[in-house]
There are 2 protein chains.
Amino acid sequence: MNKQYEAYKNRMRKIADINGAIAVMSWDKEVNLPKKGAAARSQQIATLSGMSHELFTAPEFGKELEALTGLNGELTPQQHRNVELTLKDYNKSTKLPTEFVIRRSQAVSEAYHAWIKAREANDFGVYKEALKKIVGFCRETAELLGYEAHPYDALLNQYEPNAKTAELTVLFKDVREQLVAFVKELKEQKPVDNAFLSKFYDKDKQWDFGLKLLQNMGYDFDAGRQDVSAHPFTINFAPTDVRVTTRIDEYDLSNMAWSCIHEGGHALYEQGLSWDEYGLPLGEACSLGIHESQARMWENNVGRSKAYWQAHFETLKATFSEQLSGVTLEDFYKGINQIAPNKIRTEADELHYHFHVLIRFEIEKALMEGEIEVEDLDKVWNEKYKEYMGIEVTNDNEGILQDIHWSHGSIGYFPTYSLGSFYAAQFFAKAKEEIPTLEDEIATGDNRKLLQWLRQNIHQYGRYYTPDELCMKITGEKLNFKYFMDYAKQKFGAIYGI
Amino acid sequence: MNKQYEAYKNRMRKIADINGAIAVMSWDKEVNLPKKGAAARSQQIATLSGMSHELFTAPEFGKELEALTGLNGELTPQQHRNVELTLKDYNKSTKLPTEFVIRRSQAVSEAYHAWIKAREANDFGVYKEALKKIVGFCRETAELLGYEAHPYDALLNQYEPNAKTAELTVLFKDVREQLVAFVKELKEQKPVDNAFLSKFYDKDKQWDFGLKLLQNMGYDFDAGRQDVSAHPFTINFAPTDVRVTTRIDEYDLSNMAWSCIHEGGHALYEQGLSWDEYGLPLGEACSLGIHESQARMWENNVGRSKAYWQAHFETLKATFSEQLSGVTLEDFYKGINQIAPNKIRTEADELHYHFHVLIRFEIEKALMEGEIEVEDLDKVWNEKYKEYMGIEVTNDNEGILQDIHWSHGSIGYFPTYSLGSFYAAQFFAKAKEEIPTLEDEIATGDNRKLLQWLRQNIHQYGRYYTPDELCMKITGEKLNFKYFMDYAKQKFGAIYGI
């Protein structure tokens, strides 16, 4: 191996080791931490984060990266791509001056506390000033990072490389027009019943069933484990140790089941990344949108399909015979796919979910354009909920205060949730085309070919391709909302008898 | 605060944060790690260990420490003591050249694997060459670290500051003469029965009972937690997060119960250390011997006393009514204090335990003096077991291969186990003197005064005093084996009717 490349790799792995330690401490914080241990833990994480950042942004590292990119001929295409992506990350990290990062993190900390207080008071007014500062910092961040067409591009690209505001604007226009119309049509049909999901479902039995689902998906328990936390998440210390968490609500079966499948989808991606590329861009996930596509495909395209429950409904029913007495596979399938408007994003169904994201996208974009200001944000929010979903938001906690993201400074993040679903639909359509027996196999509980397909087409590449390139390579076209609409129409049309 | 002292403190806390991360990763390794995660975890721990070592042994830090020790008048006595101890640690760390440390760690790794193989083959011959190397490295370590009277002093002092081979020789002579004679006398009496301890004791019930014992000792579950691991241990990330583990054998009640109490004793020490001194010597335990004294005092002087079980036997009996049917408090107390020779150190009773340590001490000392060589070590071992305990060791796994310590290079460690018991006896005698109602309180399940006494006399000081000084301060004399013998004679004399 080229000596300069080896030095680069060693530094990257050292950074990855530190980040791995941070991840272990973060996981432990959510899963195990005793109350009084919080202060020491925050300090330990902050110290290690500082060390990791210092190693990555060291000026001599920038020079080494510049030199390496000049070595094109001596590096393999993969090595070259690693260096190219790292240099891009390096430039991004070093564009924000340290004093700016410190000021911004103070503002984030204040905004988080203001958000908590506003939630307690159920009053957006309490949060307004802090959010104004956050938006100011986001505008400044965009200027510092730079952009070609739109300041919001710079924010988006922190999560989704190469995503463009102009393209998302078209995409969400489609969402608004096509999805709003379709959902309206569904609402005119006879509603489906899902009351059986809210019966009492014993915790331990749910836990065991969730483990079975994970196992069946192909999640490798020798390279991970599941625990309980307040909010489900997936975290990786290396592709050989990727952990998931779930939460269990004894009066809501869906909470656990689809959070297991969703996090399992994320985890399969991480477990499928290359150990040889540990610490390097090619050992990292392509983007948040692609990551989300893996979770959503398993959760919805697979995990809410009839085929999937053909394989698992009998086991579920055997486990909860009383609760599901009289419920047929058909009832169950319809129930878990009930479409009904909801004020809260995280509780939304598969279709309404994208209205929630659409609204946030429109607001974020307009904020970055200076078209609207934080001052009036609650009004804007409530109007859009009324317009797109026919929902009257009557208090701020169920409206503009519901998400934590903005208080973290994460403007530009929400769209990746929808991108995930849209990529999932497009990829899944292709997978079905390439594996004609796919649904039959899923119906027998055999997901191996799907996982193999994902490994081969997505997981193995890490960040080698951008999301655009990856989508083009797999499906022969760019992201196309049509696949999601086709999927939605076929599935929900049948369920609602359209 | 003095600026130079502040810089010193900041570096020490940074190191402590890294060491805290290593501790979290190590805890997770024992408690949670999925099989395939082991390689990445070792690498991550190694990277952080290297960073911590680098920060601590940096030449400029040595100069800063030298300068600080000259600032005597400007520092508080506590600050001065911190600096003094850190300089001592620094000098120790920098005395071993890096290439030596690397070579030694390779030898340790080889010795560990050789030990595993030898255990599989039940043949000391397989381990001999590797152990010879380890002994060679230990001899070299002693020369590099330096010593006044005896090369073994240098090794001992890695674990027990100021411990002297000459004094331990006198101490273990007492053990050999007095304890061997007393145990011989006990063996001539009617044996006590403990068969009831080996009935079936349900795992979950044992677990719950162990938690109750910990709670009752004063272990703060808001600053720690208990989990299960193959070998029980205590680990601290900060005084606000001190975790214990236990293991449960369904056919051996004693395994869980006294491991909870033992680790609880260690943990109470760590929870009692000063958070203000986090990362500094005064925030660390005095020595391994003093640490062990805390564990052993709770385990034996308290946890195997009649008073203690006056408080807890009824609860235990209510939990395991069938297993303990017909067993009186008196039977139980006698049973848990059965004295019987055993080949295995970790399974030894409270008295025989020290024969095991005595044998290891004599061997280690003689090895360092060159009086014996590894070549004949199994013979020497077996002869001593025959002589001191009347035990015929018939195979190496039950003899010289039973402990992992030497394969880690830990020569000089074993004596701290006995020191722990002897300090415990001396401290506990003093505690009873100063708290006349102590045993009565323990008998009602109230351990608060004892804990308060330990906090006040031991925990709060960290490393401010050496073990010798601490013992002198608390008891008015140096470590004196008499206290242990008095305790043993009184307790076991009564149990065995002498």
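Everything that follows concerns the structure shown earlier in this document.
The paragraphs below set out a description of the structure included in this document. Per chain, the residues get numbers from 1 upward, laid out in the order the sequence is written. Whichever chain is written first is A, and whichever ligand is written first is 1; the rest continue in order. Local features in this predicted model are restricted to residues of pLDDT 70 or higher, and side-chain atom pairs are both shown and tallied only at a pLDDT of 80 or more, whereas totals for entire chains, interfaces and linings draw on every residue.

**Re the overall build of chain A**
Where we set the bar: For the purposes of this entry, the term helix denotes a DSSP run of H or I that reaches at least four residues, the term strand denotes a run of E that reaches at least two, and both are numbered from the N terminus. We compute the radius of gyration from the C-alpha atoms alone; for a globule the expected value is 2.2 Å times N to the 0.38, where N is the number of residues. Here exposure depends only on C-beta density: within 10 Å of a residue's C-beta, 20 or more other C-beta atoms make it buried, 12 or fewer make it exposed, and intermediate numbers make it partly exposed, the C-beta atoms being placed from the backbone.
A tally of helices and strands in chain A yields 20 helices and three strands. What you see for chain A is a C-alpha radius of gyration of 23 Å, in line with the 23 Å of a compact globule of 498 residues. Sorting the 498 residues of chain A into buried and exposed places 43% on the buried side.

**So, the packing of helix α16 (residues 415–434) of chain A against helix α20 (residues 481–495) of chain A**
All names here are of chain A. Rules: Under this scheme, a helix contributes an axis fitted over its contacting stretch, all axes are lines through C-alpha atoms, and angles between N-to-C directions fall in the 0 to 180 degree range. Put simply, angles under 35 degrees are roughly parallel, angles over 145 are roughly antiparallel, angles from 65 to 115 are roughly perpendicular, and the rest are oblique. A pair of residues counts as a contact when their C-beta atoms, built from backbone coordinates, are within 7 Å of each other. When residues are grouped by polarity, Ala, Val, Leu, Ile, Met, Phe, Trp, Tyr, Cys and Pro land in nonpolar, Asp, Glu, Lys and Arg in charged, and all others, Gly among them, in polar.
Orientation of α16 relative to α20, taken along the N-to-C sense of each, is 80 degrees, at an axis distance of 8 Å. The angle between the axes of α16 and α20 places the two elements in the roughly perpendicular class. Taking contact as the criterion, the partners of S421, F422, A425, Q426 and A429 in α16 are, on α20, F481, Y483, F484 and Y487. Partitioning the contact of α16 with α20 into residue classes produces seven nonpolar, two polar and no charged.

**A short note on the sheet that holds strand β1 (residues 226–228) of chain A**
All names here are of chain A. Put simply, the rule reads: We call two strands paired when DSSP finds no fewer than two bridges between them.
What the three strands build is an open sheet, ordered β1-β3-β2; its pairing is mixed. Across the chains shown, the open sheet's two edge strands, defined by having one partner strand only, are β1 and β2 (234–238). For this sheet, the mean inter-axis angle between neighbouring strands, taken without regard to orientation, is 25 degrees. The pairing of β2 with strand β3 (residues 241–246) spans four bridges and is antiparallel. The residue bridging N236 from the neighbouring strand is V242, located in β3. On the sheet, helix α1 (residues 3–31) packs against β1, β2 and β3 and is oriented at approximately 145 degrees with respect to β2.

**Quick look at the pairing of β2 of chain A**
Counted residue by residue, β2 of chain A has five buried out of five residues, so it is predominantly covered. Two successive antiparallel strands, β2 of chain A and β3 of chain A, enclose a turn made up of two residues.

**Thoughts on helix α8 (residues 165–187) of chain A**
Residue and element names in this part refer to chain A. Rule in force here: The span expected for a helix works out to 1.5 Å for each residue beyond the first.
Between its first and last C-alpha atoms α8 spans 31 Å; for 23 residues at 1.5 Å apiece the expected length is 33 Å, and the two agree. Among all positions in α8, only T165, L168, L171, F172, V175, L179, V183 and L186 are buried. Against α7 (151–156), α14 (352–369), α16 and α20 lie the buried residues of α8.

**Structural notes on the sheet that holds strand β3 (residues 241–246) of chain B**
Residues and elements named next belong to chain B. Strand order in the open sheet made by the three strands is β1-β3-β2, with mixed pairing throughout. Where the open sheet ends on each side, the last strands, each with one partner, are β1 (226–228) and β2 (234–238). Neighbouring strand axes in the sheet, compared pairwise and without regard to direction, differ in orientation by 25 degrees on average. Pairing geometry for β1 and β3, over three bridges, is parallel. Counterpart to D227 in the pairing with β3 is T245. Running at roughly 145 degrees to β2, helix α1 (residues 3–31) makes contact with β1, β2 and β3 of the sheet. Sheet strands in contact with helix α10 (residues 253–271) are β2 and β3, and its direction is about 165 degrees off that of β3.

**Focus: the relation of the copies chain B and chain A**
For clarity, the cut-off: A least-squares superposition brings the copies together, and it is based on the C-alpha atoms of residues with pLDDT no lower than 70 in both.
Mapping chain B onto chain A calls for a rotation angle of 179 degrees and an axial translation of 0.0 Å; the resulting RMSD is 0.1 Å. Such a combination of rotation and displacement between the chain copies is what one expects of a two-fold axis. Measuring from the rotation axis to each C-alpha of chain B, the shortest distance belongs to A21 of chain B, at 3.1 Å. Counting the interface residues of chain B, we find that 100% of their copies in chain A are interface residues as well, pointing to one common contact surface.

**Some thoughts on the interface of chain B and chain A**
On the chain A side, the residues contacting the 27 residues of chain B number 27 residues. When contributions to the side of chain B that touches chain A are tallied by element, the ones reaching two or more residues are α1, α2 (38–56) and β2 of chain B. It is α1 of chain B that contributes the most residues to the side of chain B that touches chain A, seven residues altogether. Residue composition of the side of chain B that touches chain A, grouped by class: 11 nonpolar, eight polar and eight charged.

Such coordinate-based values are descriptive only and should not be taken to indicate function.
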